[in-house]
Amino acid sequence: TVTARRVGYLPLTRSVTVVSGETVTLDLSISVAPLSLEQVVVTASGESRKREVGTAVAQVDVADLQGKTGSKDISQILQGNATGVTITQSTGSVGTATNIRVRGNTSINLSNMPLVYVDGARVNTNARSLGVGGAASDRFLDISPDDIESVEIVKGPAAATLYGTEAAAGVVRVTTKRGNAARSQTTLVLDGGQRWDANQYPDRAWNPLINLGAGYKDTTYYINSLKGGADMPNERSYYDPFRKGNAYKLSLGSRGGTGTFGYYMGYNLSSQEGVFSTNDQKAHNLRSNLNFEPFKNARINLSSGFTTSNTAFNYGDGESWGFVGAALLGPPMWAPINAADPTSGGAKMLTCPRALEEARKSGSSLADVTASTCIYDRTFQGANNYDRLSTMDVQQRLERFTGSATGIHTIGSWLSTRLTAGYDSYTERGFNMVPNIPLKIVDSDPNRTVTDALSRSLTLEGSSTLTYQLPMRIQTQTTVGAQWYQTQNNVTTASSIGFPPGTGTLGNGAQRD
């Protein structure tokens with residue numbers, strides 16, 4: 001008996017008689033499934049038809065979607081393509097953490113992030129704070145979308161039946177591409193684009209009468225340090241810190257095989273620039289998958305992936321040391337503007353609203369008041385202009401390996417046994433630094449913090465499924481399984497404050513921790 005199953009098609013079973021020593025060719029024509037109940041999904045107990053699974057499972061055909069959208073990461077693919085799944089980013093910067101919620105939040109005490117498995121190996125996707133104003137790194141984005149075949153999302157608390165109590169927030173199972181015995185295929189994908197900030201930021205308002213008191217003119221200045229401003233020699237220090245960030249991706253993949261052997265090899269290069277000059281990421285992904293049949297009724301799948309990346313982050317996207325926060329939180333009366341002397345007139349000169357109003361009230365020369373009053377950096381929170389903010393260095397380097405081995409053995413059509421061993425490990429080295437240079441951050445001593453993080457996860461799981469055919473075309477399945485996993489997380493942090501000019505290592509600091 002031969003049964004053919006494929007995602008999106010109705011299964012077809014045919015009986016064939018084979019005489020010893022002869023070869024028989026059987027042609028099967030399967031039809032598109034009008035309903036999704038016949039789809040094959042992957043769960044902890046192995047491959048099953050969707051209608052045979054007692055939990056709600058959403059399946060996303062990533063390989064098909066990726067060919068149409070060319071998404072840069074897996075979160076962009078899942079967003080809007082799986083019902084009940086919400087994807088949000090902690091900030092809009094490149095490389096920052098992605099929050100995944102399956103049917104919303106499930107707990108006020110425990111994590112609301114679903115568990116993630118890649119080819120049966122449980123992987124660590126916990127976001128870790130960078131200590132730079134709320135930004136966090138994201139290990140979920142280490143998975144290259146060009147290497148993924150499909151994603152199954154097990155929803156709701158019922159997922160705990162298959163994966164344990166930690167899976168109450170759901171489970172995301174990622175299946176990567178494998179060999180295809182039907183034909184060999186090599187794909188090369190190149191794509192690129194740009195990102196820019198299209199937001200319209202509000203003007204900051206300043207009224208001399210309201211802010212300085214009686215005797216000053218009742219007028220309002222509207223200042224926007226984020227989009228254009230007065231002509232001045234170092235204009236970029238005070239206006240418009242944005243840029244058009246380039247993004248490109250190169251993906252090369254090859255798959256093929258014979259009747260009992262298949263392979264997939266893939267390489268991906270991704271480079272992304274954020275809308276600020278301090279934010280970019282470059283990542284390399286290498287994957288090798290093998291599947292073969294060592295003997296009749298047995299199949300072994302080997303999966304391995306290696307990722308390395310280097311990411312530079314903004315410091316504090318939303319606070320006073322961030323590009324946007326520093327401009328919106330600072331007092332606008334110190335912003336550079338062009339204005340003529342209110343008493344003598346003449347050509348316009350570079351000044352600030354505070355000096356202009358002081359000259360108007362006192363009758364003094366605008367040039368003299370400007371020289372003694374205007375400190376243009378004060379228009380930013382903490383007196384840190386864009387050039388000063390861009391000197392802060394926040395980087396993170398990553399090396400990650402994820403591998404798994406799965407063995408499947410069947411006895412007739414009534415018993416199937418599946419064993420999986422998976423391993424996930426990454427090392428993460430991050431540092432943030434305020435250097436001791438003339439154009440440094442005003443309200444901070446020169447400092448450097450270095451963080452080394454190590455994470456290891458080992459997964460062992462096994463299951464056996466017994467299928468029994470009852471009368472009246474009723475079929476029952478009983479699955480018995482167990483899972484064991486072990487995790488190790490180590491984080492070491494060292495910091496140093498007070499560097500001499502021109503130095504920046506931890507050992508040069510006056511105070512070390």
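Refer to the structure above for everything that follows.
Definitions and cut-offs
- Residues numbered from 1 in each chain as written.
- Predicted model: local features only at pLDDT ≥ 70, side-chain atom pairs only at ≥ 80, totals over all residues.
- Heavy atoms only, no water.
- Disulfide = S-S within 2.5 Å.
- Helix = DSSP H or I, 4+ residues; strand = E, 2+ residues; numbered from the N terminus.
- Buried < 20%, exposed > 50% of the residue type's maximum accessible area, 1.4 Å probe, protein only.
- Core = buried A, V, L, I, M, F, W, Y, C linked by side-chain atoms within 4.5 Å.
- Contact = heavy atoms within 4.5 Å.
- Pairing = 2+ DSSP bridges.

Asker: When you look at the state of the cysteines in this model, what are you seeing that I'm missing?
Answerer: Structurally, a disulfide amounts to a covalent bond that connects the sulfur atoms of two cysteines. Within the structure shown, the criterion is met by 1 disulfide. Between the sulfur of Cys 352 and that of Cys 374 lies a disulfide, 2.2 Å long from S to S. Taking the torsion about the sulfur-sulfur bond, which here is approximately -90 degrees, the covalent link between Cys 352 and Cys 374 counts as left-handed. In this pair, Cys 352 sits in the loop between strand S22 (345–351) and helix H6 (353–362) while Cys 374 sits in the loop between helix H7 (366–373) and helix H8 (386–389), placing the two residues 22 residues apart along the sequence. Residue Cys 352 is classed as buried on the basis of its relative accessible area, which comes to 0%. You can call Cys 374 buried: its relative accessible area is 12%.

Asker: What is the right way to read the nonpolar core from this model?
Answerer: What tends to happen in soluble globular proteins is that the nonpolar side chains get buried as a cluster. Within the largest apolar cluster, 38 residues are counted, with the highest numbers of intra-cluster contacts made by Leu 226, Tyr 386, Leu 389 and Met 392. Counting only elements with at least two residues in this core, the list comes to strand S16 (221–223), helix H5 (323–329), strand S21 (337–341), H6, H7 and H8. For this core, the element with the highest residue contribution is H5, accounting for 4 residues. Among all residues touching Leu 389, those that are not within four sequence positions of it are Trp 321, Gly 322, Phe 323, Ala 326, Asn 384 and Ile 441. By size, the runner-up hydrophobic cluster in this structure holds 23 residues, among which are Ala 58, Val 123, Phe 140 and Ile 153.

Asker: So what exactly am I meant to see when it comes to the sheet that holds strand S20 (residues 298–312) here?
Answerer: Pairing in this open sheet of 10 strands is antiparallel, and the strands run S14-S17-S18-S19-S20-S23-S24-S25-S26-S27 from one edge to the other. Edge positions in the sheet fall to strand S14 (185–195) and strand S27 (511–512), since each has one partner strand and no second. Looking at chain direction, strand S18 (residues 261–273) and strand S19 (residues 280–292) are connected through 13 bridges and run antiparallel. By the bridge assignment for S19, Glu 273 is matched with Asp 280.

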